[in-house]
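# Understanding the architecture of this molecule
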Amino acid sequence: QFFTPKVLTVKIYDAAGTTVYHSQDRGLVGRVFRDNAPLTKALRGEVVFGVSELRGEEHVYERQTGFSRLLELYFPIVERGSGRVLGAYEIYSPLEPLARGVARFRLLVWGVIGAGLALFYGALSWVFRRASRTILDQKETLERTAADLRRAYGELQAAQARLVRSEQLASAGRLAAGLVHEIGNPLASLLGMVDLLGRCRGRPEEMAACRENLNRMGAEITRLKGILQGLLDYARPAEVRPAAVEVNRMVERTMVLVASHPGFRRIRCRPLLDPGTAVVVTDERRLQQVLVNVLLNAADAMADGGTLSIATGRGPAPVPEAEEARAGRPLPPGSPAVWLTVQDTGRGIPPADIGRIFEPFFTTKEPGRGAGLGLAICQALIEELGGELRVSSRPGAGTVVRILLPPDGREARDGG
Ligand SMILES: Nc1ncnc2c1ncn2[C@@H]1O[C@H](COP(=O)(O)OP(=O)(O)O)[C@@H](O)[C@H]1O
Ligand SMILES: [Mg+2]
């Protein structure tokens, strides 16, 4: 209905161009209008259309209507068969209503497009809002979960710290029990020497023996003081503080600490400390706690005596052996490492057990002798130091425990 043209006038001409019909103005019938180029063309058989400017005589009626521009259409009237042009008819349509129709149609198209776009954006924003609400909900849930996990992790770390500490105190207790026993004998002999000195009358021939006794007493007291100091140092709580540690000195001090333990009385110690081992950046107290645990295990495994070899050195980390139990952070074979090896000739670990030795509470010892926490704690400690523990064993022949550390302590600092 937008484009149906309004017909204003219909005119019919004969082949000579004479008006034979005028729908509005009968007065024009019989008139011939010169210089009507479109009509001339139509009488030659063409369909002609254009916009009429309404200037000619023949537009009398159309000018009166008030329309300024008209669509003018000429159709030739052609005889069927011969193709002769018999005349033409002309139709006038005012352009304004047509333009209004087009404008209305354009408005409608834009309206539909606008409404469609609005609907589309509405739907899109609804989807986005729904999606963002879902994402926000999930983010909240995730944040809550993360907070829970952080709290649980913090509690776990605290529990582990307490466990490490209690195991440290337990092994210090075991060492102390041995020391009490061990310190008793030297104290008795010191007492004897004091008694001897008390009886000294200061005669010149006695003086050399007295001085000799005093020197021996001094040396013994220094030794006992060293052992007690070592125990105190071992049991004192401390933060993880990586520093340059002289591995050989640490081993020597630890040997003094454990050697007085009764479990070591029947054990021959063979230190093979490579002077080139030099220093490793790590936490000395933690490294020592690992070593004490390993040494006490070795002593337990050699109840009937044996040989304990402690070796140190530095070089590329060896390829792990097939049956080795491993804990901590694996050092890639060939990477630089400082190592500390404790080898015993004890009863060894059965293949069925070797995979379980790092499990908390795994023990083959009778109640009261072992809680099964030693190696589990060693695992946590060595992890903190960024190093690795490797244990291999042959039942009946003995066990080798390898402690491997990155020399620069990079991981000990990073991984804390
Ligand atoms: N050097 C070793 N020789 C033989 N067995 C060992 C040795 N070290 C560890 N084990 C075995 O591993 C188990 C777990 O050791 P550990 O975690 O230190 O706990 P615990 O010493 O309290 O039993 C021991 O009970 C023992 O069976
Ligand atoms: Mg143990």
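Now for the layout of surface pockets. The calculated volume of the largest pocket comes to roughly 740 Å³. Taken together, 34 residues line the largest pocket, and the ones lying closest to its centre are Asn297, Asp300, Thr363, Lys365 and Leu375. Elements that contribute at least two residues to the lining of the largest pocket include exactly α3 (95-198), α6 (284-301), β11 (336-344), α8 (374-384) and β13 (398-405). Sorting elements by how many residues they give to the lining of the largest pocket places α6 first, with 7 residues.

With 32 residues, helix α4 (residues 204-235) ought to run about 46 Å at 1.5 Å a step, and its terminal C-alpha atoms sit 47 Å apart, in line with that. Taken as a whole, α4 has its buried residues at Glu206, Cys210, Asn213, Met217, Leu224, Ile227, Leu231, Tyr234 and Ala235.

The subject of this paragraph is the side chain of His22. With respect to the helices and strands, the residue His22 is situated in strand β2 (residues 19-22). Taking relative accessible area as the criterion, His22 reaches 1% and is therefore assigned buried. At 3.0 Å, the side chain of His22 and the backbone nitrogen of Gln24 are in polar contact. Each residue touching His22, except ones within four places of it in the same chain, is listed here: Thr9, Val10, Lys11, Leu28, Val29, Tyr61 and Glu62.

Attention shifts here to the site of ligand 1. By nearness alone, 18 residues border ligand 1, and Thr363, Thr364, Lys365, Gly372 and Leu375 come closest of all. Note that an oxygen atom of ligand 1 is positioned 2.5 Å from one of the side-chain N or O atoms of Thr364. When atom positions are compared with the pocket grids, ligand 1 is found to occupy the largest pocket. Element by element, the count of residues in the shell around ligand 1 is highest for α6, at 3 residues.

Take α6 next. Spanning 18 residues, α6 covers 26 Å between terminal C-alpha atoms, matching the ideal 26 Å at 1.5 Å per step. For α6, the tally of buried residues reaches 16 of 18 residues, placing the bulk of the element in the interior. A side-chain oxygen of the first residue of α6 lies 3.3 Å from the backbone nitrogen of Arg285; this N-cap is Asp283.

One pass over the full model with this rule turns up 17 salt bridges. A salt bridge links Glu321 to Arg402, with the nearest nitrogen and oxygen atoms 3.3 Å apart. Of this pair, Glu321 sits in the loop between β9 (306-316) and β10 (325-328) while Arg402 sits in strand β13, and the two are 81 residues apart along the sequence.

A word on the sheet that holds strand β1 (residues 9-14). Taken together, the 5 strands give an open sheet; going across it, the order is β2-β1-β5-β4-β3, and neighbouring strands pair in antiparallel fashion. With partners counted over all chains shown, the strands left at the sheet margins are β2 and β3 (48-52), one partner each. On average, each strand axis in the sheet is tilted by 20° relative to the strand beside it, whichever way the strands run. The pairing of strand β4 (residues 70-78) with strand β5 (residues 85-94) spans 9 bridges and is classified as antiparallel. Note on β5: the bridge partner recorded for Pro76 is Ala88.

In sheet architecture, strand pairing relies on hydrogen bonds along the backbone and comes in two forms, parallel and antiparallel. Across the sheet, which stays open at both edges, the 6 strands sit in the order β7-β9-β11-β13-β12-β10 with mixed pairing between neighbours. Here the strands that pair on one side only, and so sit at the sheet edges, are β7 (267-273) and β10. With direction set aside, neighbouring strand axes in the sheet form an average angle of 15°. Both β10 and strand β12 (residues 388-394) contribute to a ladder of 4 bridges, which runs antiparallel. Residue pairing across strands places Ala325 opposite Val391, the latter belonging to β12. Sheet contacts for α6: β7, β9, β11, β12 and β13; angle to β11, the most-contacted strand, approximately 25°.

Procedures and definitions
Residues numbered from 1 in each chain as written. Chains lettered and ligands numbered in written order. Predicted model: local features only at pLDDT ≥ 70, side-chain atom pairs only at ≥ 80, totals over all residues. Heavy atoms only, no water. 1 Å grid on protein atoms, 1.4 Å probe; cavity = no way out; pocket = protein on both sides within 12 Å on 5 of 7 lines; lining within 4 Å. Points joined across faces, edges and corners; volume = space filled by probe spheres on them. Helix = DSSP H or I, 4+ residues; strand = E, 2+ residues; numbered from the N terminus. Expected span 1.5 Å × (residues − 1). Buried < 20%, exposed > 50% of the residue type's maximum accessible area, 1.4 Å probe, protein only. Polar contact = N/O pair within 3.5 Å; in protein donor to acceptor, adjacent residues only side chain to side chain. Contact = heavy atoms within 4.5 Å. Near = heavy atom within 4 Å. Sits in = over half its atoms within 2 Å of the grid points. Salt bridge = Lys/Arg side-chain N within 4 Å of Asp/Glu carboxyl O. Pairing = 2+ DSSP bridges. Axes fitted to C-alpha atoms, helices over the stretch in contact; angles between N-to-C directions.

Everything listed here is a matter of coordinates, which is why it stays silent on function.
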